[in-house]
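Observations on chain architecture
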Amino acid sequence: MWGLGFPLYCERLFGYNLGMGFSAPSAPVVALSEAIDAYCARTETGTDEALPADLMLLRAAINRLEVDFSHHAARFAASYDEELYLNPGAV
């Protein structure tokens, strides 16, 4: 879908994992990202009758991911150390 593959797209667009002091993502997050890539690369095969139910289920899944993201962001914020995560490169 993104042409470059979403992880590489994110690296180029947002600077993820480009010497910013972060380690590689965990295996479950990589697997989730790959599953999302596969889902987004599919060809449309759903029916118009299933569309409302598909949209509700998709929104519920997105909401669950947003709640999970919020928990992880709170954990990160609670343990944030600017010296550890500071990018020493020139701006």
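Each remark here, short or long, concerns the structure printed above.
Now for a look at the structure at hand. (Residues numbered from 1 in each chain as written. Predicted model: local features only at pLDDT ≥ 70, side-chain atom pairs only at ≥ 80, totals over all residues. Heavy atoms only, no water.)

**Let's talk about the overall build of the chain**
Counting its secondary structure elements, the chain contains four helices and zero strands. Listing every helix and strand of the chain by position from the N terminus yields α-α-α-α. The 91 residues of the chain split such that 2% are buried. (Helix = DSSP H or I, 4+ residues; strand = E, 2+ residues; numbered from the N terminus. Buried < 20%, exposed > 50% of the residue type's maximum accessible area, 1.4 Å probe, protein only.)

**So, the packing of aromatic side chains**
Throughout the structure, instances matching the rule amount to zero aromatic pairs. Between the NZ or CZ atom of Arg42 and the centre of the ring of Tyr39, over which it lies, the distance is 3.8 Å. (Phe/Tyr/Trp six-rings, centres within 6.5 Å; stacked < 30°, edge-to-face > 60°. Lys NZ or Arg CZ within 6 Å of the ring centre and 35° of its normal.)

**Brief notes about a nonpolar patch on the surface**
The grouping of Leu32, Ile36 and Leu65 at the surface amounts to a nonpolar patch, some 230 Å² of accessible area in total. With respect to the helices, strands and loops of the structure, Leu65 is situated in helix H3 (residues 51-79). (Patch = residues over 30% accessible without salt bridge, like charges linked within 9 Å, V, L, I, M, F, W, Y side chains within 5 Å. Areas by Shrake-Rupley, 256 points an atom, 1.4 Å probe, with all protein chains shown as cover. Salt bridge = Lys/Arg side-chain N within 4 Å of Asp/Glu carboxyl O.)

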